[in-house]
Structures are given as C-alpha cells and as structure tokens.
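Single-letter residue listing:
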Amino acid sequence: MNNQSIQKLCSIPCNLCESRNIEELSLIGRERKYLRTVICKECGLIWSDPRPMDPRKYYKDKYRMEYKGVIEPKLKHIYRAGIVALDRFKKIESFLYKGAKILDIGSGGGEFMYLLTKLGYETTGIEPNIGYAKYSRREYGLNIITGLVEDIDMSASEYDVVTMWHVLEHTDNPFLVLSHINRWLKNEGTLFIEVPNVEAICQAPINRFHFAHLYSFNLKTVEKIGIKAGFYPIVQEISADGGNLFIIFQKTKVDKVQDNWKIKGNAQNIIKILKKHTNIHHYISPYPYSRFLKKIKRIINERKAIRGFSRGKEILDYYYNKEILHFKLD
Ligand SMILES: [Zn+2]
C-alpha cells in the first residue's frame, strides 16, 4: 500500500455523516505518543482512528490515575472543581426551575451535583470511574450510577435537565450517547453541553489532540450531531479564550428526518485554522505566558483556600454557602 492510501485509511465511519472520506490531521498526541487523528472531509468531525484505548475499560479505573495520579479526588481538586461548579451553575441558573429533575453525566467527584442538591434540586449522576463515584456517594450522599451512558438502562422521559461538562469528547459514539439522553429527557427538556473547541488557539499546537478525547468538535459539528439526535440548539457560546464551546439544546419533536449530515466547507475551514496555528505563531502570542502565570496564581490560591480543611464536604460547604446567598432560588 502506498503512502497516500495509508493516509486515507478509515476504520471507523464518521459518527455524524457516516462518510469514510477522511484526511489525516496528526500522528502525535499531547502525550508525545502515536495518536492518529483524522477529519471527515464531508462534515468536519474529527476523531482518533484507530482508537488508542477502549473507553469501557479505561474510564473504570485508569483515567483518573493516569491524569491526576489519584483513585479519589484530593482536597485541591475538590476546591478547584467546586469553583468551576459555581461558574457552571451561574451559566445554567436562568434555565432551571423549582423541582427540576437533573441528570449530570460524568459527575466526576460530585462537586457540581452536590451544589445542585444543596440548592434543592433532585439529582442523579452517571460516572464511569469507580473511585470517584464511590467517593461522591460516601462524602456527599449523592445518587450515582456507575457506568457509561450506552450501558445504562433508564426509563424514557425521566429528566427535565441533563448536564454534560467535558464528556462528549471522551465517548466512543457521541451520536448514540446523545440519542440515549434524548430518550431520557422529557419533551422540551434541556441539555447543557460543554466541550473543548478544536479551533482554539490558546494552547500549543502539540497539545491539541489528547488520547482520552476520542472526538473533537467545532461549533458546527457539535450542533449538527445534537440536531441528528433530536435536539434543537437554543444557545451557542464560545468561551472568552476560545477554548470551550457551550451549547444549550432543547429536545424537540422531530417531524421530518433529515438524512444529509454533511457540512459544506467546514472541514476545509478547520484545516485552514489548524495549519495557521503553528508553534511559532503560538509562542509569539500572549497565550502561553498568560496561561503559565494563571497556573502559578491558581496553585498559590488553592493552597491557601484549602488550609485548615480536612474533608471535601467541609470545603464545598464553606465556599458554596458563601455563594449560595447570591443565587435566586425559585
Ligand atoms: Zn462526516
């Protein structure tokens, strides 16, 4: 087989438009190891082909261990996730209402779910990592199902709201995952999704593809895959640094099934953006330096913030109680 045909090999068809017409984007990942990343030339969806790992096994126990070197979250991780949880709540607050039944997919250490339960919402979490799921049950008394969305059997029209923060990119079949969520949501139920933006230029080009991210999205592909699964996008936002995409979807009644999921020109645009973002381009931009300073500041702040606490629940109670006063609860 010649070089050109190897570059066109595609073992997994596009999860959005089902095409096998791909272009190789990269052969190396953030870990500086072999990771083949391809883009669908018909719609712009990006994925790892072949898969670098089996997510079913990987997320059970390896992921947190390799990522953070822990089985259960440390106090600094809990504080950090607690601050993020407060920000996330502010983003979705105006869409929530009293009595809303919420499902948090990829509940991690349980910080976001714990905030929601403190505010009076009825919550369920799904978390594949055994250690983190166990910790959040024990520490905060949360209701967590251990496993992957694809393997869980849940009745239809069960939830008013589903949240999924930085999870879709880790799944093996985003369309299938979104289809399950669509079934679990009540009609006109809301789905909040945040994923990394593949077009982001706030990180070094070498750090763009991560072996735990089986898929990468831009705004157009994440929107379209949601529509394919029976949702209607009502809010789309790109974070200030360009690093994250936030989409609010509503479950709709699908009248007419669309069958063409190609997005004209999207792949070509993404390729152009990625090619322009070279190492030189990155290191003459202010991003790497401001990121470094932010990280140092964060480490110092975190050390100070967790001083005197010995448990996760104490930390979250302290910082959440300070903020909760400002939330409107009706
Ligand atoms: Zn495609």
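Summarised in this report is the structure supplied together with it. (Residues numbered from 1 in each chain as written. Predicted model: local features only at pLDDT ≥ 70, side-chain atom pairs only at ≥ 80, totals over all residues. Heavy atoms only, no water.)

### So, a nonpolar patch on the surface
- Residues Phe292, Leu293, Ile296 and Ile300 make up a contiguous nonpolar surface patch of roughly 420 Å² in combined accessible area.
- Along the polypeptide, Phe292 turns up in helix α10 (residues 287-306). (Patch = residues over 30% accessible without salt bridge, like charges linked within 9 Å, V, L, I, M, F, W, Y side chains within 5 Å. Areas by Shrake-Rupley, 256 points an atom, 1.4 Å probe, with all protein chains shown as cover. Salt bridge = Lys/Arg side-chain N within 4 Å of Asp/Glu carboxyl O. Helix = DSSP H or I, 4+ residues; strand = E, 2+ residues; numbered from the N terminus.)

### Remarks on the packing of aromatic side chains
- Throughout the structure, instances matching the rule amount to 15 aromatic pairs.
- Seen from their ring centres, Tyr114 and Tyr320 are 6.3 Å apart, and the 35 degrees between their planes marks the pair as tilted. Of the two residues, Tyr114 is situated in helix α4 (residues 111-118) and Tyr320 in helix α11 (residues 312-324); the sequence distance between them amounts to 206 residues.
- In this structure Tyr114 comes out as buried when scored by relative accessible area, which is 7%.
- Both rings, one in Tyr135 and one in Tyr140, keep their centres 6.1 Å apart while their planes meet at 85 degrees; by these two values the pair is edge-to-face.
- Seen from the ring of Phe246, Lys91 lies directly overhead, with NZ or CZ sitting 4.6 Å from the centre. (Phe/Tyr/Trp six-rings, centres within 6.5 Å; stacked < 30°, edge-to-face > 60°. Buried < 20%, exposed > 50% of the residue type's maximum accessible area, 1.4 Å probe, protein only. Lys NZ or Arg CZ within 6 Å of the ring centre and 35° of its normal.)

### Overview of the coordination of the zinc ion
- Here the zinc ion is held by the protein donor atoms Cys14 (SG), Cys17 (SG), Cys40 (SG) and Cys43 (SG), which lie 2.3 Å from it.
- Along the chain, the residues donating to the zinc ion are arranged with the sequence spacing C-x2-C-x22-C-x2-C. One end of the pair, Cys17, is in the loop between α1 (3-7) and β1 (22-28); the other, Cys43, is in the loop between β2 (34-40) and β3 (46-48), with 26 residues separating them in the sequence. An identical accessibility class is assigned to Cys17 and Cys43; each is buried. (Donors = N, O, S within 2.8 Å, 3.2 Å for Na, K, Ca; no water.)

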